[in-house]
Amino acid sequence: MNEVIFVILRRLRRPLIVLIIAYAISVWGLVLIPGLDKEGNVVHLGFFHALYIVSYTATTIGFGEIPNEFTDPQRVWIVVCIYLSVVSWAYALGSIFHLSQDQTFRNAIARRRFAVRVQAMQEPFVLIAGYGQSGISLARMLDRMGRRMVIVEQRNERAARIEIEEFEHSPLFLAGDARLPDVLVDAGVTHRRCVALVALAGDDDTNQSVAIGGTVLNPSLRIVARVHTPIARANLESFRNIELINPFESFAANIRLDMGSAEKLRVIEWLSGLPGGWRPEPLNLPKGHWIVCGSGSFSSYLVAALEQAGASCSVVSVDVARQGDPSPLGLQGKSGADLVQAGIERAVGLVVGTDSDAVNLATVTRARLMNPRLYVVMRQANVANASLIDASMANLRFVKADVVSHKARQLLTSPLLIRYLRYLESDVGGLVARTENLLESRVGDKVPFMWVFDCFASYAGLREALAPDVSPPLSIGDLLINPENPPERLPAFALLLLRHKTEFPLPAEDTELQSGDRILFAGQRGVDDAQRRFLLEPSPLAFVRTGVEPTRSWLFRRFGAKQGAPDRSRKSVPD
């Protein structure tokens with residue numbers, strides 16, 4: 001509000017001064033010019049009566065000559081006051097109209113309205129700084145998951161595009177520089193309902209400023225930032241609450257994991273995909289000799305991943321900055337001698353990762369003429385060239401925006417999911433196989449929905465079940481019984497149990513629960529709503545554990561107490 005008032009006072013300073021001077025001259029003249037009363041005595045108007053007369057005269061109300069009829073000098077002065085006030089008000093109204101069209105004023109009003117709407121939000125929301133391709137992809141994913149969002153984008157044309165996008169829950173947006181602390185505050189970085197800040201600007205410097213600014217303003221807030229360079233990573237790794245996304249590193253890690261253990265990657269992508277979508281297909285990357293065409297960070301990460309997976313690798317450096325070179329690879333001839341020298345005839349795979357989609361397509365075309373059996377991994381540098389990349393019919397495509405949004409959604413879905421995925425990556429004892437079997441039997445071919453069930457005795461529905469003297473104790477299996485039909489199981493399973501600082505991956509259903517436990521569940525849509533009934537009141541949980549619905553009214557509870565305590569033994573539940 002201070003900014004709006006400041007802009008108003010600054011833009012209307014001169015018109016206000018002109019109005020004040022015009023009124024002051026008019027009032028002062030009426031006070032000085034003598035008048036006559038009904039008896040013919042000379043009288044002077046007081047300042048209050050003079051201001052009153054000038055006020056209704058300037059606004060053309062016209063209440064007449066009061067308290068006495070004016071003399072001719074007074075009437076002449078009133079004529080002067082009329083024209084003086086009309087000109088002054090015309091100038092003021094013109095300035096006000098011009099102010100309403102002033103972009104600075106409109107931005108101040110929009111920002112104030114935005115800040116008020118953000119502060120009024122009562123649902124948890126994610127703050128996204130940057131609405132490029134990665135921001136658009138992430139926003140659509142979060143909207144499908146029912147998450148509310150607040151978006152800050154520096155470029156006006158991108159911010160305006162948010163208003164015409166189709167969202168199930170329209171996000172709040174602001175065209176502003178998220179590097180400024182006051183912009184972050186207006187966007188809700190200190191709001192109690194803000195669950196995370198995601199920095200997805202186009203350059204690392206901006207993302208560093210946004211991430212560090214969010215950490216300073218709200219040290220307890222989860223922050224996700226996209227980085228590309230080692231310098232940016234080193235600067236942000238010292239902050240414990242900042243989680244980093246390097247799209248090149250993430251894509252290379254998937255390549256390495258698929259070559260080393262395809263089942264691991266399949267289960268990880270199955271768990272971390274978009275909930276409700278179909279489970280991903282395996283990459284089926286061939287092992288053998290690979291050729292990497294390109295230069296820069298993307299090529300470096302891919303070369304390291306291929307070598308770690310045990311594949312032999314040759315690098316063909318591509319300089320897309322060379323102008324006028326007839327060769328798409330920037331080589332000296334058109335025969336592709338460098339590809340031949342790199343072993344294109346015996347290669348099983350080709351990675352093309354330059355910053356030019358045209359060069360990438362030309363490189364793939366030339367390589368396939370030499371070896372049609374190549375498995376092609378191709379980078380798409382510009383989203384507008386999607387049809388051009390489709391024409392290449394590449395086996396695997398790298399789109400930075402998709403990788404970033406996918407990784408960011410993983411981090412935002414649940415911190416417990418990230419912990420479980422780390423167990424899968426390092427598994428050597430059959431955890432991957434057991435997880436895959438449970439996914440097939442409980443969820444089917446779809447990506448599961450994730451939620452965390454908090455076992456706190458403070459909840460009304462769990463207070464009695466988590467009491468120390470309850471026998472048998474509450475277990476994970478009890479939470480997987482349908483509260484509406486106890487013989488039926490809910491289509492879900494527990495992925496991770498967090499007890500204090502100890503983690504139990506894939507806990508058994510007979511695991512006894514304690515107050516303070518947190519459980520990560522995976523299952524079909526709507527199961528979390530059914531489980532949430534266990535938190536609200538003790539009746540659903542008592543019903544699935546005993547098979548008897550407890551009385552709820554005071555009168556029937558008193559009557560039941562006189563008849564004797566009900567049997568609290570566990571009802572058998574079929575497997």
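Criteria and cut-off values
- Residues numbered from 1 in each chain as written.
- Predicted model: local features only at pLDDT ≥ 70, side-chain atom pairs only at ≥ 80, totals over all residues.
- Heavy atoms only, no water.
- Buried < 20%, exposed > 50% of the residue type's maximum accessible area, 1.4 Å probe, protein only.
- Helix = DSSP H or I, 4+ residues; strand = E, 2+ residues; numbered from the N terminus.
- Contact = heavy atoms within 4.5 Å.
- Axes fitted to C-alpha atoms, helices over the stretch in contact; angles between N-to-C directions.
- Parallel < 35°, antiparallel > 145°, perpendicular 65-115°, else oblique.
- Left-handed = near helix turned anticlockwise from the far one by under 90°.
- Nonpolar A, V, L, I, M, F, W, Y, C, P; charged D, E, K, R; others polar.
- Pairing = 2+ DSSP bridges.

Draft legend 1. Fine view of helix H12 (residues 262-272). Of all 11 residues in H12, nine are buried; the element is thus mostly enclosed. Restricting attention to buried positions, one finds in H12 the residues Lys264, Leu265, Arg266, Val267, Ile268, Glu269, Trp270, Leu271 and Ser272. Buried residues belonging to H12 abut helix H11 (247-260), helix H17 (400-413), helix H18 (415-425), helix H19 (431-442), strand S14 (449-455) and strand S15 (492-499).

Draft legend 2. Representation of unusual backbone geometry within the structure. In the segment running from Ser471 into Pro472, the intervening peptide bond is cis, with an omega of -5°. Within the fold, Pro472 resides in the loop between S14 and S15. At Asn284, a position not held by glycine, the phi torsion is positive, near 55°. Judged by its relative accessible area of 56%, Asn284 is exposed. Here Met393, not a glycine, exhibits a phi torsion of approximately 55°, which is positive.

Draft legend 3. Just the packing of helix H6 (residues 133-144) against H17, in detail. Where H6 contacts H17, the axes come no closer than 8 Å and their chain directions differ by 45°. Considered as vectors, H6 and H17 are oriented oblique to each other. Regarding H6 and H17, the two cross each other, and that crossing is right-handed. Contact residues: H6 offers Gln133, Ser134, Ser137, Leu138, Met141 and Leu142, while H17 offers Lys400, Ala401, Asp402, Val404, Ser405, His406, Ala408, Arg409 and Leu412. In the contact of H6 with H17, the residues fall into seven nonpolar, five polar and three charged.

Draft legend 4. Region of interest: the sheet that holds strand S3 (residues 125-129). Spatially, S5-S4-S3-S6-S7-S8 is the arrangement adopted by the six strands of the open sheet, whose pairing is parallel. The open sheet terminates on both sides in strands that have one partner only, identified here as strand S5 (172-175) and strand S8 (242-245). For this sheet, the mean angle separating the axes of adjacent strands, direction not counted, is 15°. Both S3 and strand S4 (residues 148-153) contribute to a ladder of five bridges, which runs parallel. Bridged to Ile128 within S4 is Ile151. Helix-sheet contacts for helix H9 (residues 204-217) involve S3, strand S6 (194-199), strand S7 (222-226) and S8, and the interaxial angle to S7 is about 175°.

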